[in-house]
Amino acid sequence: MEKIFYEQLDEILFSTKLPNGLTVHVVPRKNFSKKLAYFVTDYGSIHTEFDFEGRHYVAPAGVAHYLEHKMFDMPGGRDVSAEFAAMGAMTNAFTSYDITAYYFSCTENFEDCLRLLLEFVSTPYFTEESVEKERGIIDQEIGMNLDSPDSRIFDSLMESLFHKHPIRVPILGSLESIRQITPEKLHLCHRAFYTPGNMHLCVMGDVQPEEVVEIALQILGDEPREVAQKHNRWQEDLVCPARYTEDRMEVAMPMFNLAFKCEPLGLGDEAIRQEMIADLAAEALFGESSELYLRLYEEGIIDSSFGGGFETVDGCAMLMCSGDSQQPETVREALIAQAQKLVKEGLEEAYFERMKRSALGRRIRGLDSFDSTCFRLTAYHFSQFDYFRFPAVYAAVEEAQLREFLARVVKEARCSLSVVYPMNQSEQEVSL
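What you see is a predicted model, and the numbers here were worked out from it, not measured in a lab.

Okay, the packing of helix H8 (residues 268–286) against helix H14 (residues 399–409) next. It is at 9 Å that the axes of H8 and H14 come closest, and there the two elements cross at 80°. In terms of axis orientation, H8 runs roughly perpendicular to H14. Only Gln401, Leu402, Phe405, Leu406 and Arg408 of H14 make contact with H8, whose side of the interface consists of Arg273, Gln274, Ile277, Ala278, Leu280, Ala281, Ala284 and Leu285. In the contact of H8 with H14, the residues fall into nine nonpolar, two polar and two charged.

The following block contains the structure:
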């Protein structure tokens, strides 16, 4: 394995790519009792259209999440979660728009836990009975999301922001789409995307890197396999299909999500540079120490629930904020006006440098978290960027780049606002 030392962070990373195509990263933490392993596939809810084994496929919405649920089934009725618990480990998984991750943490029996993680994620086992039973469970999840104001606001915002990108569709899919999911389709998607060449194994703790590699080869073998070709270059113009959407639910006061549509970032160093420029632009525009945040808070237009940042998903990106407010449209107008002011007047050099140091410090402090570090190493690996190089990227960001981003992005045509109002709030109260 290659051993890489990052002087600015005082971090070491062991890295290798196995003959089967799997990339393995190990972050040593000597004398720590906790150990964590993430096994992640570059496959999420948006990747429903793909070419594989000479054929073109369109999978039902929600299949990636459904597959995540079913991976915990093993032949012979084995209970994967119970097996981890018996070894003193905790295990879980999640599906996002563009990845699916399986992970465990433990303080003992690390090698056996790692073998079990790699075994169950690489062993598809789906029966008609178990797939049908899972449908009822996911039905309940979908129903809970439909009853959740946070989920409703966000899903409505995505429909308002994007014309074609599949982020418009909830990660869980719909009650209709999950009825199209069969054991055969689950097997297909597992075969297409759960291959070592499309996956990343990240381990953190007091472990031996060579032993991690040896276990991975024992369980997964060394033969490369075909990886599906995703159709993930969705053509989107930057004008939102809808500027405003509203709903009424049982909430105490109006809740809103607001976003400005951005160009997709792509891959590699330039993409990450643009991401960090956007992060700093969000901080300057509406961060807790920004002029706008303090003014709106003092005027009672926003409260401590207000916040946001720059969000990116494969093929799309957005500058986004959310919170509770009786005047969400006033927030939108204030954001646009403040962006124009920042573009025209710029930021004081001392404030800009202080903001950069603060953002860099937050990222460095995040390395204390095993979960955050493994997640970021994985996410940036799939974006073809070595995450531990982030200090150099931050150092190179200039104030003029931040202003250029705000001038390009924070425009009415790129903005959409999604609001949920209380059921019993009158039209007059809404307009206050």
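This part is about the sheet that holds strand E12 (residues 255–262). Pairing is mixed in the open sheet, where five strands are placed in the order E11-E15-E12-E14-E13. A strand with exactly one partner marks an edge of an open sheet, and here the two such strands are strand E11 (244–249) and strand E13 (307–313). On average, each strand axis in the sheet is inclined to that of its neighbour by 20°, with strand direction left out of account. Pairing of E12 with strand E15 (residues 415–422) involves six bridges; the strand directions are antiparallel. Note that in E15 the partner of phenylalanine 260 across the bridge is cysteine 415.

Moving on, we get to the environment of phenylalanine 310. Structurally, the position occupied by phenylalanine 310 is in strand E13. With relative accessibility at 9%, the residue phenylalanine 310 sits in the buried group. Sequence separation of phenylalanine 310 and glutamate 275 is 35 residues, and the distance between their C-alpha atoms is 7.4 Å. When sequence neighbours within four positions are dropped, the list of residues in contact with phenylalanine 310 reads Cys262, Leu265, Glu275, Ala278, Asp279, Ala282, Ala317, Met318, Leu319 and Phe405.

All right, on to the packing of aromatic side chains then. If you walk through the whole model with that rule in mind, you get 26 aromatic pairs. Aromatic pair phenylalanine 32 and phenylalanine 370: ring centres 5.8 Å apart, planes at 40°, arrangement tilted. Here the residue phenylalanine 32 occupies a position in the loop between strand E3 (23–28) and strand E4 (35–41), and phenylalanine 370 occupies one in helix H12 (residues 370–382), the gap between them amounting to 338 residues. With a relative accessible area of 5%, phenylalanine 370 lands in the buried category. Residues phenylalanine 50 and phenylalanine 193 carry aromatic rings whose centres are separated by 5.0 Å and whose planes lie at 75° to one another, so their mutual orientation is edge-to-face. Here phenylalanine 193 lies in helix H6 (residues 183–193) and phenylalanine 50 lies in strand E5 (residues 49–52), a separation of 143 residues in the sequence. Three or more aromatic residues joined by ring pairs form one cluster here, namely Tyr43, Phe50, Tyr57, Phe72, Phe84, Tyr102, Phe104, Phe110, Phe120, Phe193 and Tyr194.

The next point concerns the environment of tyrosine 38. Assignment of secondary structure puts tyrosine 38 in strand E4. For the pair tyrosine 38 and tyrosine 351, spaced 313 residues apart in sequence, the C-alpha to C-alpha distance is 38 Å. Setting aside residues up to four positions removed in sequence, tyrosine 38 forms contacts with Phe94, Ala101, Tyr102, Tyr103, His200, Leu201, Cys202, Asp371, Cys374 and Phe375.

What counts and what doesn't
Residues numbered from 1 in each chain as written. Predicted model: local features only at pLDDT ≥ 70, side-chain atom pairs only at ≥ 80, totals over all residues. Heavy atoms only, no water. Axes fitted to C-alpha atoms, helices over the stretch in contact; angles between N-to-C directions. Helix = DSSP H or I, 4+ residues; strand = E, 2+ residues; numbered from the N terminus. Parallel < 35°, antiparallel > 145°, perpendicular 65-115°, else oblique. Contact = heavy atoms within 4.5 Å. Nonpolar A, V, L, I, M, F, W, Y, C, P; charged D, E, K, R; others polar. Pairing = 2+ DSSP bridges. Buried < 20%, exposed > 50% of the residue type's maximum accessible area, 1.4 Å probe, protein only. Phe/Tyr/Trp six-rings, centres within 6.5 Å; stacked < 30°, edge-to-face > 60°.

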